[in-house]
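# Structural features, examined
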Amino acid sequence: MAKEPKPVEMSGISYKPPLQEWMDVTTEIKEGMFCWGAKEPSLQKVGFPNARSWSPVEEDWKLPENWKDIVLEGIAERLEKYRSFKIFMDICVRCGACADKCHFFLGTGDPKNMPVLRAELLRSIYRRDFTKAGKILGRLAGARDLTYDVLKEWWYYFYQCSECRRCSVFCPYGIDTAEVTIIARELLNLLGLNIEWIAGPVANCFMKGNHLGLEPHTIHSSIDFLVDEIEEITDIRVEPTFNRKGAEILFVAPSGDLFADPGTFTCMGYLMLFHEIGIDYTWSTYASEGGNFGFFTSNEMAKRLNAKIYAEAKRLGVKWIIGGECGHMWRVLNQYMDTWNGPADFLEEPVSPITNTKFENAKATKMVHISEFTADLIHHNKLKLDPKRNDHLKVTFHDSCNTARGMGILDEPRYIINNVCNHFYEMPDNTIREKTFCCGSGSGLNASENMELRLRGGLPRANAVKYIKEKYGVNMLACICAIDRAALPPLMDYWVPGVNVTGVTELVGNALIMNGEGERTTDLRGEDLPGIEEKEDNEDV
């Protein structure tokens, strides 16, 4: 693993363009800026092509002899299949409106991380082989030949894009550069040029139903452990069910919330909320993953993984689905599910059994986000909440890219936070809502070997958190995404020490007054609630 630079070194970023033309700059694959290549077994499990052992740092990437033909045929096929791809290849005028909007460009200063230039890496090959101007004029028309070095450049930079779509918000032509990245990764995948941090979870999810490869009994025992924790804090034993046929609702969470802090505290919040309102729901130990790493590989793989949730909902005979705090889970559902696997006509249009609210936005997907569901409960005064229990926290909110830009969930989490916390502060307007900065680790880039890339990509978000911390003393960053809950803690530790990370539903769990609960002395993390020490001192006197 590469040595991690110190913050003062990392922040010394030069935005001065190189003297050479970008086509003449040879890509240097630097340690700390890339993920390890996909392993042979991971590719084999899902039937991906050219499965073999290879390393990005070696000269020979062990490609098939006809690799160039495979890529060009892949481009032709996608130009025919995806109208948007053809449009995005043709209409960019290279105005540069997107250039300074990408967190990876802001964090690295590398021109090839400008969205306009990153797309040009692929667009230049499109021009050379699929346009008359490129075939005749070559470089004068912005065209170049597909070479081994170009392919390596693709791999390096298209895995330095988190598909967050911030650039698309500012594009005057509406070009979705994330879609270009998706296509580029599909083309690379035709040659087996995936990364293990994506291919491994995809294989696990395909074989076991979740990214971590957890067996059903492991999922059951993980949740049982959280049930024990809840009982210790509240004196209440919640009783979740698993794989229960005939339940009204199937609940699907990201598997990270079952396994690692701080996601486990969010999961405790789910369990407490559902117990308190008494809904008829069940977990599945087979479709045990809300996230969809297939989306970072190919549209077809994302479709296959998304289908597992609906197949399980049909098997269990539920009426509709609630989904947990996850990012790409919701972008896939909101933007792609209807085309791939929907509409899910065997399920019912979701109606809250507590408030009778009909979630008309979920008419096709039959799936409601936990924040929508919770905000509706609060709006109808169905929860007893004590926001003072979160008074030890000064909270700001990170809009997760896929739920904000990809789904439009902007107000619900804020509404929840304002009802369960007394101290909430927004980051600057140009860093939140649809203009939110990415965590720097999305689209499967939250490995450990590429930590410098993650820290650089997360710098703009961290800078906004630093500003709000210095102004208001913020010490907690809330979010509604499992990748964020995994990626943001090391980012905060590095750039903004003293700021922790939470899921919104954890804050709900802290504030929730449960019927019959014992005296609460700690929050879900086992930390003393505000005023407890003072109360204990008075009792001792």
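Residues numbered from 1 in each chain as written. Predicted model: local features only at pLDDT ≥ 70, side-chain atom pairs only at ≥ 80, totals over all residues. Heavy atoms only, no water.

### Topic: helix H8 (residues 148–158)
Rules: Only protein chains enter the accessibility calculation, which uses a 1.4 Å probe. A residue is then buried if its area is under 20% of the maximum for its type, exposed if over 50%, and partly exposed in between. Labels follow the DSSP assignment, with helices taken as runs of H or I lasting at least four residues and strands as runs of E lasting at least two, numbered in each case from the N terminus. Note on contacts: a residue pair is in contact if any heavy atoms of the two residues lie within 4.5 Å.
By the criterion of burial, H8 is predominantly enclosed, with 9 of the 11 residues buried. Among the residues of H8, Val150, Leu151, Lys152, Glu153, Trp154, Trp155, Tyr156, Tyr157 and Phe158 are the ones counted as buried. The secondary structure elements touched by the buried residues of H8 are helix H3 (67–81), helix H6 (115–130) and helix H10 (177–189).

### What about the state of the cysteines?
Under the convention used in this document: Sulfur atoms of two cysteines make up a disulfide when they are within 2.5 Å.
Scanning all chains against the criterion turns up 0 disulfides. Looking at Cys167, it has no disulfide partner, and the nearest cysteine sulfur is the one in Cys98, 5.9 Å off. A relative accessible area of 11% means that Cys167 is categorised as buried. The thiol sulfur of Cys205 is not disulfide-bonded, and the nearest other cysteine sulfur, from Cys326, lies at 10 Å.

### A word on the nonpolar core
Using the following cut-off: Take the buried residues of types Ala, Val, Leu, Ile, Met, Phe, Trp, Tyr and Cys, join any two whose side-chain atoms come within 4.5 Å, and each joined set is a nonpolar core. Residue ranges assigned to each domain were obtained from an automatic or database domain assignment.
Membership of the largest hydrophobic core comes to 100 residues, with the highest contact counts inside it found for Ile75, Leu122, Trp154 and Trp155. When residues of this core are assigned to domains, at least three fall in each of domain 1 (13–196) and domain 2 (209–511). With sequence-adjacent residues up to four places away left out, Trp155 is seen in contact with Phe34, Cys35, Trp54, Pro56, Trp61, Leu188, Leu193, Asn194 and Ile195. Judged by nonpolar contacts, the second largest core, of 73 residues, contains Leu258, Ile378, Ile480 and Val508.

### What about the sheet that holds strand E2 (residues 281–283)?
As a reminder of what qualifies: At least two DSSP bridges between two strands are required for those strands to pair. Fitted lines through C-alpha atoms serve as axes, helices being fitted only where they are in contact, and the angles separating the N-to-C directions of these axes extend from 0 to 180 degrees.
Here 4 strands make up an open sheet; going across it, the order is E2-E1-E3-E4 and the pairing parallel. Strands with a single pairing partner mark the edges of an open sheet, and in this sheet they are E2 and strand E4 (367–369). Put simply, the sheet's adjacent strands are angled 30° from each other on average, direction ignored. Contacting strand E1 (249–252), E2, strand E3 (320–323) and E4, helix H15 (residues 299–316) crosses the sheet at an angle of about 150° to E1.

### Brief notes about a nonpolar patch on the surface
As a reminder of what qualifies: Note on patches: the residues involved have over 30% relative accessible area and no salt bridge, like charges join within 9 Å, and the nonpolar side chains Val, Leu, Ile, Met, Phe, Trp and Tyr join within 5 Å. Surface accessibility follows the Shrake-Rupley procedure with a 1.4 Å probe radius. Residue values consider only the protein chains on display as shielding. Any carboxyl oxygen of Asp or Glu within 4 Å of a side-chain nitrogen of Lys or Arg constitutes a salt bridge here.
Taken together, the side chains of Ile136, Leu137 and Leu140 define a hydrophobic patch exposed on the protein surface, amounting to about 390 Å² of accessible area. Turning to its location among the elements, Leu140 is positioned in the loop between helix H7 (132–137) and H8.

### With respect to the domain arrangement of the protein
Size of an interface: often given as the accessible area lost when the parts come together. Operational definition: Buried area adds together the accessible area that both of two parts lose upon being put together, with accessible area traced by a 1.4 Å probe.
The domain boundaries assigned to the protein delineate domain 1 (13–196) and domain 2 (209–511). With centres defined by C-alpha atoms, the gap from domain 1 to domain 2 works out at 31 Å. Between domain 1 and domain 2, the contact holds 35 residues from the first and 34 residues from the second. Here domain 1 and domain 2 share an interface that buries about 2800 Å² over both sides, 58% of which is from carbon and sulfur atoms. Three residues stand out in domain 1 for area buried against domain 2, namely His103, Arg165 and Arg166, and they jointly supply 19% of the buried area on that side. At the boundary of domain 1 with domain 2, the tally comes to 0 salt bridges.

### Comments concerning the packing of aromatic side chains
Geometrically, a pair of aromatic rings is defined through the distance of the ring centres and the angle of the planes. Basically, it comes down to this: The rule is short: rings of Phe, Tyr and Trp, with Trp giving its six-membered ring, pair when the centres are within 6.5 Å, and they are stacked under 30 degrees, edge-to-face over 60, tilted in between.
Evaluation of the coordinates by the stated rule reveals 23 aromatic pairs. Between Tyr126 and Phe130, the aromatic rings sit 6.2 Å apart at their centres with planes inclined by 10°, giving stacked as the arrangement. Of this pair, Tyr126 and Phe130 both sit in helix H6, separated by 4 residues, roughly a single helical turn. Residue Tyr126 is classed as buried on the basis of its relative accessible area of 2%.

### Considerations on the side chain of Asn292
Threshold: Distance and chemistry together define a polar contact, namely a pair of N or O atoms within 3.5 Å, with one atom able to donate a hydrogen and the other to accept it when in protein, and with adjacent residues in sequence counting only for side-chain atoms on both sides.
Here Asn292 lies in the loop between E2 and H15. Using a relative accessible area of 3% as the deciding quantity, one classes Asn292 as buried. Within the local environment of Asn292, its side chain forms a polar contact with the backbone oxygen of Ala302, the two atoms lying 3.0 Å apart. Contacts of Asn292, omitting those with residues within four sequence positions, involve His211, Ala302, Leu305, Asn306, His328 and Val332.

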